[in-house]
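Spelled out, the chains give:
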Amino acid sequence: MIKAVRGTRDLLPPETALWNHVDRVAREVFRVYNFQEIRTPIFESTELFARGVGEETDIVAKEMFTWEDRGRAESDKGQSLTLRPENTAGVVRAYIEHKLWQRGLNKLYYIGPQFRRERPQKGRYRQFFQIGAEVIGPKEAGSESPARDAEILELLATLLDRLGIKNWKLELNSVGSSADRARYNEVLRTALDSVKAKMCADCQRRAETNPLRVLDCKVPEDQPIIESLPRVYDSLGEDSKQHFEAVKNILQSVGVPFEINHRLVRGLDYYTRTAFEFTHGALGAQNAILGGGRYDGLSESLGGPAAPGIGFAIGEDRLVLALQESAAAVQEKPDVYIAPLGAGMNAEAARLARELRRKDVSAELGDESFRLKKSFEAATKAGAKFILIVGENEVKADAFALKNLESGEQVSVPRGELVEKIQPE
Ligand code: AMP
């Protein structure tokens, strides 16, 4: 038997109804915040991610699905391609390629699959889906304003609330400008010099290569040491501090609760200033539903003009896991099951189905070889509200037996009145 590849999975009905529900609510929320959709390719040049996400990150160092793509001719030079592990780099590439700064501030969203070769477990897959957004543009268009950070966070609170996700927690931090970040890295490196020997092997390595990552360590014995390290806030310049205070101020004013997490630094190199995560208790170890932050220098590091930006990516797989709502509750059921009864009735039933579907009635269509009992069973199994019998007598009279499967009431309905009977206003 050929099975789905490790770390990938099929999404089947009725669960897909829940996914569609999430997509619909997300699109609706993006609409009221005036975001528009962008669709970038699923694969890009490997260089984009190496430069955009950062060579030092786990994603680029260990998790990308990369291959050498060769043309058919011997002389064709190969190109290294990669399945996108995230979508921000692709959006910023598109921003540069299509000179989107000419449009001023861009508020873009995407929904689609991403690929990372991670160790599969509950809530962690090798193909997973993200719903994300990016606000990016020239500084003059207001892209750097703390109002944009707060708007994004408030949008996320609205989305989670509308989906009925309870008990989410917003954790917030500022990692400062790239200069602040570099300064903090040095402060940390110095502080770690005297304590790293007592820490886990990973931290000892991180203390050399990327001290900021020490803050992500989960090893229990290391926690008291990490808690005593200098905090990033104390390395922030005056500008970064003011920006952060302004974001917090707006959030308080609109009533979005948050907690400061001094250790939140996020995995990707491109983040500057505001960094955030929404977590949810019911998800266990993989409790981050979404993450994001500001990336003011990303466009420049990809060869574009200065274009401050802020964005987020929601893990849709985890969002669906966290939903209280059951898949059955959002699954669409057919309004009517049309049961052709006897030879030659398939054609009549198909004609009737076509008329009803054109009027937006959802109809399931049986088969003339089914006996009446089997049609009733099929209609009940499909969850239809009504069953409509199409037999020779009905066709002659141009009026059809319509039975309400909930109340048991049965009436004969002329063809022209069927829509109204099945879908009363
Ligand atoms: P990141 O792009 O790493 O900031 O991730 C953003 C969100 O995507 C995370 O908070 C998760 O909810 C989700 N996510 C990341 N990696 C995976 C994965 N391998 N499987 C499922 N969801 C993921």
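To be clear, the structure that these remarks concern was listed above.
Here goes a summary of the coordinates provided. (Residues numbered from 1 in each chain as written. Predicted model: local features only at pLDDT ≥ 70, side-chain atom pairs only at ≥ 80, totals over all residues. Heavy atoms only, no water.)

1. Topic: the overall build of the protein chain
Right, on to step 1. Within the protein chain, the secondary structure is distributed over 16 helices and 16 strands.
Right, on to step 2. Since a compact globule built from 425 residues should have a radius of gyration of about 22 Å, the 28 Å found for the protein chain marks it as more spread out than a globular shape.
Right, on to step 3. Residues counted as buried form 48% of the 425 residues belonging to the protein chain.
Right, on to step 4. Long-range pairs, those at least 24 residues apart, make up 69% of the contacts in the protein chain between residues at least 6 apart in sequence. (Helix = DSSP H or I, 4+ residues; strand = E, 2+ residues; numbered from the N terminus. Rg over C-alpha atoms; globule rule 2.2 N^0.38 Å. Buried < 20%, exposed > 50% of the residue type's maximum accessible area, 1.4 Å probe, protein only. Contact = heavy atoms within 4.5 Å.)

2. Some details on the sheet that holds strand β2 (residues 43-45)
Right, on to step 1. If you walk across this open sheet you meet the three strands as β2-β4-β3, and the pairing is antiparallel. Unpaired on one side and paired on the other, β2 and β3 (66-69) mark the two borders of the sheet. Geometrically, the sheet is characterised by an average inter-axis angle of 35 degrees between neighbouring strands, direction not taken into account.
Right, on to step 2. Relative to strand β4 (residues 79-83), β3 runs antiparallel, the two sharing four bridges. Considered in β4, the bridge of Thr66 is made with Thr82. (Pairing = 2+ DSSP bridges. Axes fitted to C-alpha atoms, helices over the stretch in contact; angles between N-to-C directions.)

3. Some details on the nonpolar core
Right, on to step 1. Core analysis: the biggest nonpolar cluster contains 45 residues, and Phe30, Phe35, Leu156, Phe276, Phe278, Phe312 and Ile314 have the highest contact counts within it.
Right, on to step 2. Not counting chain neighbours up to four residues away, the residues in contact with Phe278 comprise Leu153, Leu156, Ala157, Leu160, Trp168, Lys169, Leu170, Asn287, Ala288, Ile289 and Leu290.
Right, on to step 3. Grouped together as the second largest cluster of nonpolar side chains are 24 residues, Val60, Met64, Tyr95 and Tyr271 included. (Core = buried A, V, L, I, M, F, W, Y, C linked by side-chain atoms within 4.5 Å.)

4. What to know about the side chain of Asn173
Right, on to step 1. In this fold, Asn173 is placed in strand β7 (residues 168-174).
Right, on to step 2. Engagement of the side chain of Asn173 in a polar contact is seen with the backbone oxygen of Asn261, the distance being 3.3 Å.
Right, on to step 3. Polar contacts involving the side chain of Asn173 include one to the main-chain carbonyl oxygen of Leu264, which spans 2.9 Å.
Right, on to step 4. Setting aside residues up to four positions removed in sequence, Asn173 forms contacts with Val232, Phe244, Asn261, His262, Arg263, Leu264, Arg273, Thr274 and Ala275. (Polar contact = N/O pair within 3.5 Å; in protein donor to acceptor, adjacent residues only side chain to side chain.)

5. Some remarks on the site of the ligand
Right, on to step 1. Taken together, 15 residues sit near the ligand, with Arg116, Glu118, Tyr125, Arg266 and Ala288 positioned nearest.
Right, on to step 2. Here an oxygen atom of the ligand and a backbone polar atom of Leu290 are 3.5 Å apart.
Right, on to step 3. Taken together, the elements giving at least two residues each to the shell around the ligand come down to β6 (127-136), β10 (288-294) and β11 (309-315).
Right, on to step 4. Classifying every residue of the shell around the ligand by side-chain character gives six nonpolar, four polar and five charged. (Near = heavy atom within 4 Å. Nonpolar A, V, L, I, M, F, W, Y, C, P; charged D, E, K, R; others polar.)

6. Some thoughts on helix α6 (residues 178-193)
Right, on to step 1. Taking 1.5 Å as the rise per residue, α6 with 16 residues should run 22 Å; its terminal C-alpha atoms sit 23 Å apart, in good agreement.
Right, on to step 2. Within α6 the residues assigned to the buried category are Asp180, Arg181, Tyr184, Asn185, Leu188 and Leu192. Looking down the long axis of α6, one finds its buried residues gathered within 140 degrees of arc, a one-sided arrangement.
Right, on to step 3. Along its buried surface, α6 packs onto α7 (201-209) and α9 (238-254). (Expected span 1.5 Å × (residues − 1). Arc of directions from axis to C-beta.)

7. Some details on unusual backbone geometry
Right, on to step 1. A cis amide bond, omega 5 degrees, links Pro13 with the succeeding residue Pro14.
Right, on to step 2. Along the chain, Pro14 falls in the segment before α1 (15-32).
Right, on to step 3. Despite not being glycine, Lys99 has its phi angle at roughly 50 degrees, a positive value.
Right, on to step 4. In this fold, Lys99 is placed in the loop between α4 (88-97) and β5 (106-115).
Right, on to step 5. Overall, the relative accessible area of 43% leaves Lys99 in the partly exposed class.
Right, on to step 6. A positive phi angle, near 75 degrees, is found at Asp360, a position not held by glycine.
Right, on to step 7. Positionally, Asp360 belongs in the loop between α13 (345-358) and β13 (363-365).

8. Observations regarding the packing of aromatic side chains
Right, on to step 1. One pass over the full model with this rule turns up eight aromatic pairs.
Right, on to step 2. Look at Phe30 and Tyr109: their rings are 4.3 Å apart centre to centre, the planes differ by 15 degrees, and that puts the pair in the stacked class. Separated by 79 residues along the polypeptide, Phe30 in helix α1 and Tyr109 in strand β5 bring together distant segments of the chain.
Right, on to step 3. Owing to a relative accessible area of 0%, Phe30 belongs among the buried residues under this scheme.
Right, on to step 4. Between Phe43 and Trp67, the ring centres sit 5.8 Å apart and the planes meet at 65 degrees, which makes this aromatic pair edge-to-face. Note that Phe43 is positioned in strand β2 and Trp67 in strand β3, a separation of 24 residues in sequence.
Right, on to step 5. Using a relative accessible area of 45% as the deciding quantity, one classes Phe43 as partly exposed.
Right, on to step 6. Residue class for Trp67 comes out partly exposed when judged on its relative accessible area of 32%.
Right, on to step 7. Aromatic ring contacts, followed pair by pair, group Phe30, Phe35, Tyr109 and Phe312 into a single cluster.
Right, on to step 8. The ring of Tyr125 is capped by Arg9, whose NZ or CZ atom sits 4.0 Å from the centre of that ring.
Right, on to step 9. Sitting above the plane of the Phe244 ring, Lys248 keeps its charged end 4.5 Å from the centroid. (Phe/Tyr/Trp six-rings, centres within 6.5 Å; stacked < 30°, edge-to-face > 60°. Lys NZ or Arg CZ within 6 Å of the ring centre and 35° of its normal.)

9. What to know about the pairing of β10
Right, on to step 1. Burial within β10 is extensive, with six of its seven residues counted as buried.
Right, on to step 2. One ladder, built from six bridges, connects strand β9 (residues 272-280) with β10; its direction is antiparallel. The partner of Phe276 across the bridge, within β10, is Gly292.
Right, on to step 3. Relative to β11, β10 is paired through five bridges, and the arrangement is antiparallel. Within β11, the position partnered with Gly293 by the bridge is Gly311.

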